[in-house]
Amino acid sequence: MSTTSTKSKYPTYVILGSGGHTAEMCKIIQALLLQPSNCEKYQPIRYIVANSDVTSQRQLCAALPALTKDSDDPFISVPRSRSVGQKWLSTIFSTLWALLWSFWLIWRDRPQLVLCNGPGTCVPFGYAAYLCRLLGRLPTHCKIVFVESYCRVETLSLSGRLLLPLADIFVVHWPALAARYGHKRNLRYFGRIL
Amino acid sequence: MHLKVVYVTVGTTKFDALLKVMTSDPVLSALKDRKCRKLVLQHGNSTPVGETQLKLISTNYTIEVEQYKFRPNAEDIRAADMIIGHAGAGTCMDILNNGKPGLIVVNDELMDNHQLELARQLASEQYLYYCKVSEVADSVANLDFGALKPYEKATENMQKFVDALNELMTH
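Now for a look at the structure at hand. Keep in mind it's a predicted model, so treat the numbers as computed, not measured.

**Some thoughts on the environment of B:Gln159**
Relative to the assigned elements, B:Gln159 resides in helix α8 (residues 155-169). Taking the C-alpha atoms as reference points, B:Gln159 and B:Asn60, separated by 99 residues in sequence, lie 51 Å from one another. Within the local environment of B:Gln159, its side chain forms a polar contact with the side chain of A:Gln35, the two groups lying 3.1 Å apart.

**Some words on the pairing of strand β4 (residues 113-116) of chain A**
Residues and elements named next belong to chain A. Residues of β4 alternate between two faces, with Leu 113 and Leu 115 on one and Val 114 and Cys 116 on the opposite face, all of them buried. Where β4 lies against strand β5 (residues 143-147), four bridges are found, and the strand directions are parallel. Looking at the pairing, Leu 115 lines up with Val 145 of β5. For the crossover that starts at β4, traverses helix α5 (residues 122-134) and ends in the parallel β5, the hand is right-handed.

**Brief notes about the pairing of β5(A)**
Residue and element names in this part refer to chain A. Most of β5 sits inside the fold, with five of its five residues counted as buried. Judged by which residues are buried, β5 turns out to be covered on both faces: Lys 143, Val 145 and Val 147 on one side and Ile 144 and Phe 146 on the other are all buried. Both β5 and strand β6 (residues 169-172) contribute to a ladder of three bridges, which runs parallel. Paired with Val 145 across the two strands is Ile 169, which belongs to β6. The β-α-β motif built from β5, the intervening helix α6 (residues 158-163) and the parallel element β6 has right-handed crossover chirality.

**Looking at the interface of chain A and chain B**
With 33 residues of chain A in contact, the opposing surface of chain B contributes 30 residues. Across the chain A/chain B interface, buried area totals approximately 3,000 Å², and carbon plus sulfur atoms make up 65% of it. Counting the contacts that link chain A with chain B gives two salt bridges. Residue A:Arg192 is joined to B:Glu152 by a salt bridge in which the shortest nitrogen-to-oxygen separation is 3.0 Å. The interface formed by chain A and chain B contains twelve residue pairs in polar contact (both at pLDDT 80 or more). Looking at the side of chain A that touches chain B, the elements with two or more residues in it are α1 (20-32), α2 (36-42), β4, β5 and β6 of chain A. Here the side of chain A that touches chain B gets seven residues from one element, more than from any other, and that element is α1(A). Its residues assigned to classes, the side of chain A that touches chain B shows 18 nonpolar, seven polar and eight charged.

**Details of the nonpolar core**
Membership of the largest hydrophobic core comes to 57 residues, with the highest contact counts inside it found for A:Tyr47, A:Leu115, A:Tyr150, B:Leu122, B:Phe161 and B:Leu165. Setting aside chain neighbours within four positions, we find A:Leu115 in contact with A:Tyr13, A:Val14, A:Ile15, A:Met25, A:Ile28, A:Ile29, A:Val145, A:Val147 and B:Phe161.

**What about the packing of aromatic side chains?**
Per the counting criterion, the structure on display carries nine aromatic pairs over all chains. A centroid spacing of 5.8 Å and a plane angle of 40° characterise the contact between A:Tyr47 and A:Phe75, whose relative ring orientation is tilted. Here the residue A:Tyr47 occupies a position in strand β2 (residues 45-50), and A:Phe75 occupies one in strand β3 (residues 75-78), the gap between them amounting to 28 residues. Each member of the pair, A:Tyr47 together with A:Phe75, is buried. Ring geometry for A:Trp101 against A:Trp104: centres 6.0 Å apart, planes inclined by 90°, an arrangement best described as edge-to-face. With a gap of three residues between them, A:Trp101 and A:Trp104 both fall in helix α4 (residues 88-109), about one helical turn apart. The ring of A:Trp104 carries the charged tip of A:Arg108 above its face, separated from the ring centre by 5.0 Å. Seen from the ring of B:Tyr68, B:Arg71 lies directly overhead, with NZ or CZ sitting 3.8 Å from the centre.

The rules behind the values
- Residues numbered from 1 in each chain as written.
- Chains lettered and ligands numbered in written order.
- Predicted model: local features only at pLDDT ≥ 70, side-chain atom pairs only at ≥ 80, totals over all residues.
- Heavy atoms only, no water.
- Helix = DSSP H or I, 4+ residues; strand = E, 2+ residues; numbered from the N terminus.
- Polar contact = N/O pair within 3.5 Å; in protein donor to acceptor, adjacent residues only side chain to side chain.
- Buried < 20%, exposed > 50% of the residue type's maximum accessible area, 1.4 Å probe, protein only.
- Pairing = 2+ DSSP bridges.
- Right-handed = clockwise from strand over helix to strand, strands pointing away.
- Contact = heavy atoms within 4.5 Å.
- Buried area = accessible area lost by both parts, 1.4 Å probe.
- Salt bridge = Lys/Arg side-chain N within 4 Å of Asp/Glu carboxyl O.
- Nonpolar A, V, L, I, M, F, W, Y, C, P; charged D, E, K, R; others polar.
- Core = buried A, V, L, I, M, F, W, Y, C linked by side-chain atoms within 4.5 Å.
- Phe/Tyr/Trp six-rings, centres within 6.5 Å; stacked < 30°, edge-to-face > 60°.
- Lys NZ or Arg CZ within 6 Å of the ring centre and 35° of its normal.

Structure, rendered in structure tokens:
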């Protein structure tokens, strides 16, 4: 009997954020893994959590019970690029540090997909992935997918604005944003998906 | 519509103004008039209501008040007849996905109040009501919570997204 893993050797990176971001991402991952063929295609999934985030792991494990059965720890803890209300000057340093971390992780793991939905944690990962792809380090089919937060109706989040130029697909939920950014070739609007 | 059990939630935020108004006389009177018997306050990172005040509410308005910081709140949401919350995405989704009438209160103290966009959009589609802190008493007293539209699941649209993602990953 073959014991070879059917998982892709290039993981999927899913970036988690606090509160509502994780709740939204849980729904997305649940829908994604509904099809058995997707389980194979996207696994192994690695969930990036900011080290200050205490609730996301619990939320995710509650939404995806199969997670806890995974032998490898699917969570990777990283420094946060910016805390809510953090002064802008110190933000520069913490962002650079987070950028170095994400660059190292992306270089090490070579993810096939970086999936994120808006928390500040995802910005360094988006840029690191883009850079690694340019440098030829990532598999050629590597993609960056950004799903804007459900609560962004008329304006993009800061993370959204920063990652809009880089994302292969940029998803919005509401008609006002779809109209405003419809001219961008990477924009996708399916109505609300949550 | 009777609002026997009302659940107030602020998620992970600090929203002192909402808790203050929810335990103020105009709101408590309005709740009492609408036959409220239990008020559950999830205070998150806000300053909790004092014990003495909780007892007073119970005595003066015959409304039992339960208060906590954080806990998995699926049961609290299911048990509520109406939910009053901040405009966070998680809270809005919980309210809508559980088919509950909701009143979203916008936090004026937040710098970048993009939360208002969501509350306004959902309210314009008649899925819930939204108001400012100063309007809570009036809203609780007078709004017809039975008139809200049920929120349909977005399964088809989510599938379109999954299909698009699959297509992207196979090229």
